[in-house]
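# Coordinates in review
Spelled out, the chains give:
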Amino acid sequence: MIIPAAQVDGLDKEFGTTRVLDRINLTIPAGQVTCLIGPSGSGKSTLLRCIAMLEEPSAGIISVGGRPLGFSLENGKRVKLPTAHNREVRGQIGMVFQQFNLWPHMTALGNVAEALKTVRRMPKAQANEIAGQKLDEVGLAHRRDYYPAQLSGGQQQRVAIARALALEPKLMLFDEPTSSLDPELTGEVLNVMRKLAEQGMSMIVVSHEIGFVASVASKVVFLDHGRVVLDGTPQEVFAKPRHPRLAQFLDTYLDREAVMLA
Amino acid sequence: MRFDVALVLSYLPAIGWAAITTVGLWIVALVASIVIGLAIAVIRLHGGAIVNTVLRLLVEAIRGTPFLIQLFLLYFGGPFIGLTLERLPAGLLALSLFGGCYMSEVFRTGIRAVPRGHIEAAECVGLSQMQILRRILLPEMLVLVLPAGTNIAVGLIKETAVLSVIGVPELTAVISGIGSETYAFVEALTLLSLCYWALVEICARLGRTAEQRLSLYRFAA
Ligand SMILES: Nc1ncnc2c1ncn2[C@@H]1O[C@H](COP(=O)(O)OP(=O)(O)OP(=O)(O)O)[C@@H](O)[C@H]1O
Ligand SMILES: [Mg+2]
């Protein structure tokens, strides 16, 4: 059996007394794109952030590449895993944010090379060479010496993708990577993601770009009020008659043209 | 009474030395203020409750009292707790502590203004807390606080004048000494003001130049 890229078992997340994720069970297949959709506040970001270890789950186990992350189950008890272990497993995950989150005081190349130098302890020349290759892969070799403030939103997001790719992750997480971009800039970012998908990268993508979701995803998960409502191939999930909550979501959040395409 | 420029000019070498002393005091105190300010800011953001309270009270006390009183307390009160200092070290210590407390508040605000996402992005690629502090938080913060930091630096130039009261031979002490010697008070005080004004102007300009240079590193918010 092929090990899934990630596995989520009985995940709960509470902020104070509000339950934001409720008994999430998910398998993220390796080498494929899984898209997370759902209304605002349904918990999509929180789910991704739990997998990226930016939030600590209240209950449940997450494993990445077959290895538990954060907590593991031992004799039926949930125990915290050592930092060194978590650091290693987390190193398999790349995260791309809605707000790019590039470091403004470093050039594009500096952003991509940073973790190679400080975390992987590579010599500067080698780190820069790899960073240069990664920038080339996202079509930004000619912008390597630009600072984030000198780049367009689409370019910044592509640098952010290159930064995540520099560490050779096994799983890439994208949280609404095109939502803060002008419409004419979303294409360049989606193209980079499409190319990555073709190369067999395991990806979880939160996106409202339903055309992209329908064409690239092999699996679509519809989340509502912190629960998995639908989980299947795009054909299954978008099939008519639609689940009433999905139909309502599509009506409210997406323009009609995009829905027609799907 | 006429404005006697020649008289003032005849004291030029002494005034020159005093100016150098003032600039030297300022630079040393400024560097020390930055170091102390960074230390207080970082400890207050990561430290425990007791250390935090102690540092908060220190900063509030320094910011809530006149520098002149702090200097007197350290120089004349110090010996009672076994801290006997010469004029110069006493002056520098007081000035550095004063500047450091102001700097620490600016640095704290600056660190908190660094977007959370920049830190999360660093955590995601595996930087340790120490590396995040050194490589992301502090550099980003320094760019953000440059205007406020320049203001404190300018303030410190003017506070160096207070050290004259314990006899540190800086501009104010030397020039007012010349004034009492020659009775040319107006000339001396005018010259003194011009000296400070020039220093302040130079400092402010340096700050603005640095700001322009660093504007490239600011995120387009
Ligand atoms: N740090 C936090 N503290 C308290 N509540 C939070 C926190 N982060 C998220 N929430 C709440 O959790 C719920 C889910 O938020 P989340 O950001 O995961 O939703 P989302 O599906 O990503 O929404 P959107 O489409 O708007 O990005 C929301 O009700 C939100 O207010
Ligand atoms: Mg979200």
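Reading the values: rules and limits
Residues numbered from 1 in each chain as written. Chains lettered and ligands numbered in written order. Predicted model: local features only at pLDDT ≥ 70, side-chain atom pairs only at ≥ 80, totals over all residues. Heavy atoms only, no water. Helix = DSSP H or I, 4+ residues; strand = E, 2+ residues; numbered from the N terminus. Buried < 20%, exposed > 50% of the residue type's maximum accessible area, 1.4 Å probe, protein only. Pairing = 2+ DSSP bridges. Axes fitted to C-alpha atoms, helices over the stretch in contact; angles between N-to-C directions. Contact = heavy atoms within 4.5 Å. Buried area = accessible area lost by both parts, 1.4 Å probe. Salt bridge = Lys/Arg side-chain N within 4 Å of Asp/Glu carboxyl O. Polar contact = N/O pair within 3.5 Å; in protein donor to acceptor, adjacent residues only side chain to side chain. UniProt positions renumbered as here; feature names shortened; annotations may be inferred. Phe/Tyr/Trp six-rings, centres within 6.5 Å; stacked < 30°, edge-to-face > 60°. Lys NZ or Arg CZ within 6 Å of the ring centre and 35° of its normal.

Residue and element names in this part refer to chain A. The amide bond that connects Lys-240 to the next residue, Pro-241, takes the cis arrangement and shows omega of 0°. Tracing the sequence through the fold places Pro-241 in the loop between helix H8 (234-238) and helix H9 (244-253). At Phe-100, a position not held by glycine, the phi torsion is positive, near 65°. Inspection of the secondary structure puts Phe-100 in the loop between strand S8 (93-96) and helix H3 (108-118). For Phe-100, a relative accessible area of 10% translates into the label buried.

All names here are of chain B. The residue Asn-151 is located in helix H7 (residues 129-159) in this model. By relative accessible area, Asn-151 is classed as exposed at 58%. Residues Asn-151 and Ala-204, spaced 53 residues apart in sequence, show a C-alpha to C-alpha distance of 7.7 Å.

So, about the sheet that holds strand S2 (residues 18-28) of chain A. All names here are of chain A. Strand order in the open sheet formed by four strands is S2-S1-S4-S5, and the pairing between neighbours is antiparallel. Edge positions in the sheet fall to S2 and strand S5 (67-69), since each has one partner strand and no second. The mean inter-strand angle of the sheet, taken between neighbouring strand axes irrespective of direction, is 30°. Here three bridges tie strand S4 (residues 59-64) to S5, and the two strands are oriented antiparallel to one another. Bridging from a neighbouring strand, Ile-62 pairs with Leu-69 of S5. Lying over the sheet, helix H2 (residues 83-90) contacts S4 and S5, oriented at roughly 110° with respect to S5.

Before going further, it helps to spend a moment on the interface of chain B and chain A. Across the boundary between the two partners, chain B contributes 20 residues, which contact 24 residues of chain A. Here chain B meets chain A over a buried area of about 2,000 Å², counting both sides, of which 62% is carbon and sulfur. In terms of surface lost to chain A, no three residues of chain B exceed B:Cys124, B:Val125 and B:Tyr217, which account for 28% of the buried area on that side. On the surface where chain B and chain A come into contact, there are two salt bridges. For the salt bridge of B:Glu120 with A:Arg49, the shortest nitrogen-to-oxygen distance reads 2.7 Å. At the junction of chain B and chain A, the tally comes to seven residue pairs in polar contact (both at pLDDT 80 or more). Counting only elements with at least two residues in the side of chain B that touches chain A, the list comes to helix H6 (116-124) and H7 of chain B.

A few words on the UniProt feature "domain: ABC transporter" (unreviewed entry) in chain A. In this structure's numbering, the residues bearing the UniProt feature "domain: ABC transporter" (unreviewed entry) are residues 6-250 of chain A. Measuring from the first to the last C-alpha atom of residues 6-250 of chain A gives 27 Å, for a span that is 36% helix and 28% strand.

This paragraph deals with the packing of aromatic side chains. Enumeration over the complete set of coordinates arrives at six aromatic pairs over all chains. Between A:Tyr147 and B:Tyr217 the ring centres are 4.8 Å apart and the planes differ by 50°, which places this aromatic pair in the tilted class. Here A:Tyr147, found in the loop between helix H4 (124-137) and helix H5 (153-165), pairs with B:Tyr217, found in the segment after helix H9 (185-214), and the two come from separate chains. Within the aromatic cluster, the residues linked to one another by ring pairs are B:Phe67, B:Phe98 and B:Tyr102. We note B:Arg63 situated over the ring of B:Tyr102; from NZ or CZ to the ring centre the distance is 5.6 Å.

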